[in-house]
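For reference, the chains in residue letters:
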Amino acid sequence: MDGSPAPVIRTTCPYCGVGCGVLARPTPAGVEIAGDPDHPANKGRLCSKGLALGETLGLDDRLLEPRVHGRKVSWDSALSLVAERFAETIRDHGPDSVALYVSGQLLTEDYYVANKLMKGFIGSANIDTNSRLCMASSVAGHKRAFGSDTVPGQYDDLELADVVVLVGSNLAWCHPVIYQRLIAAKAARPALKIVVIDPRRTATCDGVDMHLAIAPGQDATLFNGLLVHLATERALNRDYLENVTGVGDALRAARESDLAETGLPQGQIEAFFRLWTGTEKVVTLWSQGVNQSRVGTDKVNAIINCHLATGRIGKPGMGTFSITGQPNAMGGREVGGLANMLACHLDIERSDHRDAVQCFWASPTMAQQPGLKAVDMFRAVGAGKIKAIWIIHTNPVVTMPEADIVRAALDLCPFVVVSDVTAATDTARCAHVLLPAAGWGEKDGTVTNSERRISRQRPFIEPPGEARPDWWALCQVAQRMGFAGFDHTGPHEIFAEHAALSGVAAALGGDFDISAHAGITRENYDALVPFIWGKIRFFADGRFHTPDGKARMVPVAAEPATPPGRYRLNTGRNRDQWHTMTRTAKSPRLSQHLAEPYLEIHPDDAHEVGLSAADLVKLRSPHGTAILRALITDRVRRGEVFAPMHWTSQNAPMARIDALVAAQTDPMSGQPDLKASAIELFRYDAAWYAFAVSAQPLTANSTGYFAQMKTMNGWRAELAGRTVPDDWQAFARTLFALPEMPVASVIDAKKGTARFAFHEGGRLIAALFISRRPLVLARDHIVAGLLGEQGVLAGQPGGDQADSGATVCSCLNVGVNTIRAAIESGRAMSVEAIGRHLGAGTNCGSCRPELTDLLAKYARLAAE
Ligand code: SF4
């Protein structure tokens, strides 16, 4: 080090499919993060998650060395063991007895070698990815309609459109930067209309022109109705339909749909149909609400049918747009990371495609048929058919439907390898071999975002300990299994090979062609600027990748998509968390937004179940149980409840929501339905409730209710139970692992309340508040008191101190009470005014829908 500041490195955000460009600069105090103004996806913007990336790079829970059965070993012995056990299993039980389960977190180069090893050298297609849970229905829908998995347009189309329809997408929380671009476009051009189709009134619905609170699973019914309306109104584009087959069949099937199934008022349906039909520039964007369905592929095709029928595709401001959840779901699709695909969008079911890839790889064998998709893969593990599995950068014990069955299957599997940045995951606990992987900021490669834009993820810090990139570990195992073609010296060589193979694919009529980069040097790879592969927009010319070159309109049957049962469970994401929180939970700022697992439930349903605000509710399905905090709101419809999917055994053992979800899949895509599981609800009658703060993390307690999150100075936790401990002080000492520390206490046996505070050197290091009822406390005041010298046992700030309340603006740390006070004082009666007075909403903008919501609530109350 010569003492000069480290250079700014251009890289890409590792979270959602928007794929924002990030500027990262290591400093002695940490890593400075900013949006890259030159990246076309975000043009300098970042959301709260992206802005907090610098807070997620700590090494506190990093896996720093390979481990076998929990013992530290060398890379050499760990890799040799993996190669030996995989080779032995294949020799004894055949290639389909092993599997790889990978992730949209992998860089394209990692993905490429994983797929090559499995399909071209092991000779099985048993490689699938957690992208199966994210957008497999879009892949299947694209292939049915276009003959290829092609996203036709780009982000600019959302700003160029006159109508943007968001279907099953909480864009404001799940793809915040694209949402901000869209809202900015509407602010500049109010004639741009935004329609949201979603059973829930999510943050995305605030301030849009129309929200259609459709019945779960009925999107295809609505778009079938739209198709019939387009035909009736003579709005079909006859010229464009020369390039499309299946029009008559699609219309006949659409006429069978009954719009009453959508549950929408007739007037609202008509208004939506009129708007869509009368506007040429329409973009329909969808996400998990469409894909994560037992009829997801049909939903995708019902939407595409309407765009094909009108020729509104592949032109500026017109088209269909599937936005992906993960940063490199698209890269995974390009390399064939799904069990039913080949590299470079080639088709595993076509012998000429298989032969071309095998010839290119000079591989000894080739998978002859699709492998097992995620749900079937873990079923095969449970049935003992898959005897060795390597799981890379994903946590299926939390995220797969019927997650407890997945855990049981892995517990019984003879050989489980897990590559990850941490050993502290539910899945890593099932591993025989743990391989320490390089994480974001250390990895080197490329990712592809939802608009087909390939960007570099560049390293700016050294991998800690013995962490290594995944492509390296995969190539090492391949070489130890005796396979040639895995001697790459860096990711640029893998990128070049992938690019060369794309030229072979293009010669076979494929859409994915980056062969111009086949000879790329390390220098040029390092300098690679973000680029969209293929055409900027596909299909305006009416030419498709089907054998006859025509698109297919697919007849979509009107099937009842909703399972029976009193309550239907919808699962999804929070604004400030990502997947199973292995990264975002390290950020205290992000952790303060919705710091506890919750269940959104309609007030009438809450009444029926006997729930009051802040009560705990027990969820039960045939597959599992959970306990969550009731969040009573009319944002969900009656009979429907919503819970986030982020919590794990490490932070809330009774909130692993996917344990309840039935592993029911779409027959075409194999994507599980994570949006409509039949469940029962009960009030959880706790005998006691508690709130704790601690400078040290608490050990997760799986009896009763336990949920903890990080704070600026330590951790906060909510607890509840049915059995009252004999001695609360002993309970507190065990909880905090402080057997000897002096304690201050306030106990009221009659009221059933107790409060304990532990100090060290005059500073508060732990406190526990207990009551027979859900606790009303100024939690943020108590959290702020941790490691301070002020007393917190009163549970409320003194008369001269305000409690800012739960965090709304994570960037500037502005709490809900502060915002409410500003609104009530009349000083801040608009989102802009809140920004001027408090700063909230002026940085990343992710909280602006919540600010709008607070203003609307105040206006409603004021009007009453
Ligand atoms: Fe990352 Fe947020 Fe951009 Fe998504 S929208 S890529 S999470 S900064």
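The structure this text deals with has already been given above.
Residues numbered from 1 in each chain as written. Predicted model: local features only at pLDDT ≥ 70, side-chain atom pairs only at ≥ 80, totals over all residues. Heavy atoms only, no water.

Undergrad: How would you explain helix α9 (residues 247-255) if you had to name every residue and give the values?
TA: Looking at α9, one finds that the buried residues are V247, A250, L251, A253 and A254. Here the buried residues of α9 occupy an arc of 165° about the axis, which is enough to place them on one side. Those residues of α9 that are exposed and aimed more than 90 degrees away from the buried face are R252 and R255. (Buried < 20%, exposed > 50% of the residue type's maximum accessible area, 1.4 Å probe, protein only. Helix = DSSP H or I, 4+ residues; strand = E, 2+ residues; numbered from the N terminus. Arc of directions from axis to C-beta.)

Undergrad: Explain the site of the ligand residue by residue, including any values.
TA: As a matter of local geometry, the ligand sits amid C13, Y15, C16, V18, G19, C20, L46, C47, K49, G50, P176 and V177. The pocket occupied by the ligand, as judged from atoms lying within 2 Å of grid points, is the second largest cavity. Within the residue set of the shell around the ligand, elements represented by two or more residues are α1 (48-51) and α7 (176-188). In the shell around the ligand, the residues fall into nine nonpolar, two polar and one charged. (Near = heavy atom within 4 Å. 1 Å grid on protein atoms, 1.4 Å probe; cavity = no way out; pocket = protein on both sides within 12 Å on 5 of 7 lines; lining within 4 Å. Sits in = over half its atoms within 2 Å of the grid points. Nonpolar A, V, L, I, M, F, W, Y, C, P; charged D, E, K, R; others polar.)

Undergrad: Quick rundown of the pairing of strand β9 (residues 193-197)? Include the residues and the values.
TA: Across the five residues that make up β9, a large majority, four, are buried. Where strand β8 (residues 163-167) and β9 come together, five bridges link them in parallel fashion. Considered in β9, the bridge of V167 is made with I197. The pairing of β9 with strand β10 (residues 210-212) spans three bridges and is classified as parallel. What sits directly across from V195, in β10, is M210. (Pairing = 2+ DSSP bridges.)

Undergrad: Account for the packing of helix α14 (residues 351-361) against helix α19 (residues 491-507), naming residues and giving values.
TA: It is the contact of α14 with α19, at a shortest axis distance of 10 Å, that shows an interaxial angle of 145°. Once α14 is placed against α19, the crossing between them reads as right-handed. Contacts between α14 and α19 involve A356, F360 and W361 on the former and, on the latter, E497, A500, L501 and V504. When its residues are assigned to classes, the contact of α14 with α19 shows six nonpolar, no polar and one charged. (Axes fitted to C-alpha atoms, helices over the stretch in contact; angles between N-to-C directions. Left-handed = near helix turned anticlockwise from the far one by under 90°. Contact = heavy atoms within 4.5 Å.)

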